[in-house]
Structures are given as structure tokens and as C-alpha cells.
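The residues making up each chain are set out below.
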Amino acid sequence: MPEFEWQFTLVLLTNGVMIGLMYALIALGFVLIYKATDAINFAQGEFVMFAGFIAAGAAEILGAPFWVSALLSVSGMVLLGFGLERVVLRPLIGRPVIAVVMATIGLAAVLRGTATLAFGAGTRAIVMPIGDEPIELGPVMLPPVQVVGAVVSIVFLAAFSWFFLKSRIGIAMRAVADSQQVAMAMGIDVRRYFALAWAMAGIVSALGGVVWGTMLGVDNQLALVGLKVFPVVILGGLDSIIGAVVGGLIVGIVENLAAGYLDPYVGGGTKDFAPYILMIAALMIRPEGIFGRRRIERV
Amino acid sequence: MFHRESGVFKTSYAADMALYPLPIAKWAVAAFAGLFIVIVPLTLGEYYVSILNLILIAIVGALGLNVLVGYTGQISIGHGAFMSVGAYTAANLVVRLDAPFWVTIPAGGLMAALIGAVVGIPSLRIKGIYLAIATLAAQLIIEWTINHVPAISGGVQASIQVPRPSFFGVQLKSQTQLYLFLMGFAVLAIVGTSNLVRSRIGRAFIAVRDQDIAAEIIGISTFRYKLIAFAISSFYAGVTGVLYTYYLGIANYEQFQLTVSIDYLAMIIIGGLGSILGSIFGAAFVTLLPIVTRWFLESFGGLIFSAADLANIIPNLRLILFGGLIIFFLVVEPEGLNRLWRNIRNYFRVWPFSY
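Procedures and definitions
- Residues numbered from 1 in each chain as written.
- Chains lettered and ligands numbered in written order.
- Predicted model: local features only at pLDDT ≥ 70, side-chain atom pairs only at ≥ 80, totals over all residues.
- Heavy atoms only, no water.
- Helix = DSSP H or I, 4+ residues; strand = E, 2+ residues; numbered from the N terminus.
- Rg over C-alpha atoms; globule rule 2.2 N^0.38 Å.
- Buried < 20%, exposed > 50% of the residue type's maximum accessible area, 1.4 Å probe, protein only.
- Contact = heavy atoms within 4.5 Å.
- Areas by Shrake-Rupley, 256 points an atom, 1.4 Å probe, with all protein chains shown as cover.
- Lys, Arg positive; Asp, Glu negative; His and termini not counted.
- Charge placed at Lys NZ, Arg CZ, Asp CG, Glu CD.
- Buried area = accessible area lost by both parts, 1.4 Å probe.
- Nonpolar A, V, L, I, M, F, W, Y, C, P; charged D, E, K, R; others polar.
- Salt bridge = Lys/Arg side-chain N within 4 Å of Asp/Glu carboxyl O.

Visitor: How do you make sense of the overall build of chain A when you look at a structure like this?
Guide: The helix and strand tally for chain A stands at 12 helices and 2 strands. A compact globule built from 299 residues would reach a C-alpha radius of gyration of about 19 Å, and chain A, at 19 Å, matches this within 12%. Its C-alpha atoms give chain A principal-axis dimensions of roughly 60 × 50 × 35 Å. Classification of the 299 residues of chain A by burial places 56% in the buried group. A fraction of 75% describes how many contacts in chain A between residues 6 or more apart in sequence connect residues 24 or more apart. Split by element, the accessible area of chain A, about 12,900 Å² in all, is 67% carbon and sulfur. Computed over 18 positive and 18 negative side-chain charges, the inter-centroid distance for chain A is 17 Å.

Right, dumping it as C-alpha cells:
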């Protein structure tokens, strides 16, 4: 047992918080879709990857500056969100869960294939114009990408919380999620809000793609961050924005602590493994998550 | 299978549930058996028989997954991992105890059933999306465990060499011999499943799928039947894993990753949920898809693309086709190939007087 070093732990904790906030950003896309349309998006990781490819491709092929390529990525993902909702998800409304799950898994395969076909299999870089001198905070060194990612996450999480609580469209979305029939009876165009939810998830995924792509580089391995979404949303609650933040922080911290303290004993890989163990425990104890809403079933 | 009744003359439930609705159906099955057991292995070359072998293995797995997903309505994204459990159980038995196939195959199946039942325990509390995610977690955890425990994985690169099985002292060396061996298991799986779903247990599965609360109220222990479904389904998966290991001659966890679970889900969705014939169609379709794509592009793609481009295009095009077909079938024909087949049959039932 290595001696408990507070500095080492502090570094792990801060890294965990930063990474956790970036997980929260990706999980937010998942939560937005689930909250508004009751659909589970197994292609969230591929969304992020696709957005990364658009940004990196725009920068490399067109030579666009960072802001333009990021903007292109956002608008591309919004269009993609609208299109997919119309073609794939809308016909599946009211069908069993497995249909939606499988459709998004199929979507993931299509996106992965298309992206690699269009942009090639090599890793591309997104260069953020912020330099890479780490920011020093006492013993902790923070790469600026992570700081930007964390800030973007916090801003957007706050914005979407406000949006759902106060804005007219957000309230309509909550109504749709609550009961599609009642929402329709109150004069809400349900289909429009479904499309809007997918488009909003597109925006969030684009930001996630740019931030994660800057950090890891863009290739089809980027889609693997999507696998981290599930522990995050299960822990936090599938339909809660604040849950995405808390879940993201928990997963980020746990995986960093596990990697720091357990990896030497079991030979690596605990980073991808520990969050899932935690998730299984959460599923057994409190399946709806920390902030999730419990659903009552009626025959 | 190909008969055309002139009407429905059944007077009892037993007649309605019979495996052969008409005497002629027996002849149709016998003809198929003759075709596939005698004529096919005699006429086809090794390469084509090896493809058929892959399909036979996939049929066993697809039937098992269909029992769970199609008949009981539970989702599993962890079937690839259950297969790896069967594969490594068998591989260890062969390497350490020199066990013959009639020990390794049931043992692999039972081990997978045990693990599958454990994974199924959360289905007591959770369902739908939550169960899907729990089984996804099982897939990742089992993969990780096999990869990190040398006692299971045999250490180097987590793979164990397994010799081909021997049948009455004859080692199955050629693909044709293996074909007949695998055919036995595929037939066993088909007959077993069609009898299972007609039994009391199968009916309980369907009740649980259609409305689990209502099933509970009429006295079906939902938890028990969900666990049984997980166990049976994983048993099939374990057997599939063992058969695949014999086919490849090596047990390797990379052959049983998440994509395999998704392939099998695609088989039963494309083939038809809750249908035995559909599982067979789906297994054949999904197994053939990459082979046909590759063959087609290698024959005709060379006219347009360079060889280096093709190496990049083929796997990606396969992915796109695969995902696209899943979506297509879900949106356009949710009951899959089985439904298309029934439509064709129904059309010819009254043909040429279709009015």
C-alpha cells in the first residue's frame, strides 16, 4: 500500500472534477433527448465523434479558423439532429424500448462508418487557440483544454437548467415529456418539440466533440467516450440536468481515484471498469438515480 | 413450409399447436433435411461449407437471444460476453482435462447459464432501458475480467488454442465434417426452441413479455421466469461460444466483444422478434452481409477505386449497410424477414385467385 499522499490525491481529485464536468457535457445531450422524447440515445458517443470530425475536417480541409470550424460543427449537428429525428426516430414513437435502443445502435454504426469513410481513419487534431501551457494551481497542473471544457460545461448546464425551468419552450418540452397526449390537448405541437430536442442534443454534442476532440484527437476511438455516458446518467438520473453534473463528477472522481490507487495492483484498465461497478450498485439500490424521477407503472 | 391449405379445419388446440400443421409439412421438412444433410455437403466446396458453418453457429446463438428478447421481452446487450464465458470454460476444460466435446459443450452452456442468471437478477427491479444498460455493463465487466485473470484467459494475449473435437475417435478435420457436427447442434437448438415456446414455460415467457404486471396477477412468477429466460438464453449463448471456439480452433475474448452482442441483436431484429424461422433467416442474413459486401466490392469495386481505397471502404460500407438495415427493418418492417416470408406465402396461398 503506497502511503497516503494528499498531494497525489488532490491531483487525482482535481483531474476527476475536470474530466467529470466534461462527461457531464456529453451526458447532457443524452439527458436532453430522454427528458423530452423518452428515447434512449445509444449513439451519443458517435454524435460527439461525428461533431469532432466535422470540426477537424473543416479546419484541415477548408483551412477554416477554429471558431468557424466549431460553428460549422454546431450547425452541422443541428441539421443532423433534425434529420435523424424526422427519418429514424419519429416513426418509432410509441414502439417498445428495444426498437429505439436498436435504432440508435444502428445509427451509431452508420455514423461511425460514414465518418471514417468521409474523413479517413487517421487521427486528426483540433487546435484551440489557447496555447497548451498548463495552468498551475499550487501542486495541481491543469491543461487549458480541460479548463475550457469545464467552463463550457458549466455554462451550458446552467443555461439548460434555466431553459427548462423558465423559458416557454422549455416548459412546453417538460409538458411533452410528462404526457404527450395531454401536451397535444393543450395545443403543443409535440413533433416540433421532439425535433427541437434532437437539435439541442446536436448542439451539446458538437461542443462535446470540439472539446473532447481537442483533448484526445479526432478518430473513431473518440466515440468510446459515449460508453462513459451510461454510468453518468444512471447515477445522476436519466432525466435530470443537475443529475448529469453530479453523475459526471462522481464518475470522473471515481475513475481517477481507481486509476491512481487500484491500477498498480490489477494491471491497468480500472478506469473503464470502476464506473460500471458503481453503476450496477446504483441500479440495484436506486435505479432511478440520485435526482431521477421515479415512474409509477399502471396496467 | 410450402404447402397451401384450402382452409382451416382444426378442431382442437392440440391440432392448432402441432409442429406439423399438415402431413405434407413432414415431407417438406424431410426434403429440407435431405437437402442440407446429404446434398449440400457433397456438392459445395470447403469455402462455401465454412460459411454455412458460421451460419449454423449463429443460428444457435440467435435462437437463444430470441428466447430472451423476442419471447420474454427482456433486453440483453451482453450476449457476446456470455458466449465468451462458454468459450473459455470449454477451452480450459479441453486444455487442462482433455475433455471431449460432449462434456465441454454442456459445461460451457451451464457456466454461461449461471453467469447469465446472475446478470438477470437486476431484472427483478429494473426493466427496459435500465436492463439494457445493466447487461451492457455485464458485457464490459466480463470482458475485463477474462482479460485480466490469467487463470481464465491462459495468460498470453488472453487466448487458448483448442483442437478440433473428435467424434467416435475421428477428429473433425475438414469443414464438411465440422458442418455435419454443427448441423446436429443447430437442429437440436431449432427443435428445442420450437418445443420450448409451445410449453408452459414458453407461454409464461410470452405472458411476461406482453404485460408483466398482468402476468404476475394471474399467478406467473415474473422474476422466476425472467431468470429462467436469462439462463436458457445464456445457455444457448454459451454453447454458441463453445462451437465457435471449436470452429476457430482458438478461444479469444476479442471474438466476443460488444459488436458481437450487437450483431446477434441485429440478427433477431432483421429476422423477426419472437420467431424461430426469423432467427434462422436473420442469422444467415447478418452472417452473409459482410461476406457478400466484400465479395461484391472486390469483384466490381476495383473498376472505380484503387486497392488501398477499397481496404478502407469495405469495412466502413459494411458498418453503414449493417446499421442502415437495422434502422430500415425497425422503421419499415418491424416483424422482419419472417414477416416478408409470411407475406409471400400468404400471397401464394390463394394464388392465382387472389380475390
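From this point, the narrative continues.
Visitor: Whenever I open this one, the overall build of chain B confuses me. Can you help?
Guide: On a plain count of helices and strands, chain B comes out with 15 helices and 4 strands. A globule of 355 residues ought to have a C-alpha radius of gyration of about 20 Å, and chain B, at 21 Å, matches this closely. Summarising its shape, the C-alpha atoms of chain B cover approximately 65 × 60 × 45 Å along the three principal directions. Among the 355 residues that make up chain B, the fraction classed as buried is 49%. Taking as baseline every contact in chain B between residues at least 6 positions apart, the subset at least 24 positions apart corresponds to 77%.

Visitor: I keep staring at the interface of chain B and chain A and nothing clicks. Help me out?
Guide: The figure often quoted for interface size is the accessible area lost as the parts come together. Counting from both sides, the interface comprises 41 residues of chain B and, opposite them, 45 residues of chain A. Between chain B and chain A the total buried area reaches about 3,700 Å² when both faces are included, carbon and sulfur atoms providing 81% of it. When residues of chain B are sorted by the area they lose upon contact with chain A, R125(B), Y130(B) and W144(B) head the list and together hold 17% of the total. Of all elements in the fold, only α6 (129–148), α10 (212–217), α12 (258–271) and α14 (307–332) of chain B reach the threshold of two or more residues within the side of chain B that touches chain A. The leading source of residues in the side of chain B that touches chain A is α14(B), at 12 residues. Residues of the side of chain B that touches chain A, tallied by class, amount to 31 nonpolar, 7 polar and 3 charged.

Visitor: Got a minute to help me understand the pattern of salt bridges in this structure?
Guide: For side chains of opposite charge, pairing can occur when their charged atoms come near one another. Using the criterion set out here, one finds 9 salt bridges over all chains in the structure. With a closest N to O distance of 3.0 Å, R90(A) and E85(A) form a salt bridge. Residue classification places E85(A) among the buried residues on the basis of a relative accessible area of 1%. Among the salt bridges present, the one from E255(A) reaches K228(A), with a minimum N-O distance of 3.1 Å. Here the residue E255(A) occupies a position in helix α10 (residues 241–261), and K228(A) occupies one in the loop between α8 (190–216) and α9 (229–236), the gap between them amounting to 27 residues. E255(A) gets classed as buried once you look at its relative accessible area, which sits at 1%. Shared partners join several salt bridges into a network, and the residues in it are E335(B), R339(B) and R342(B).

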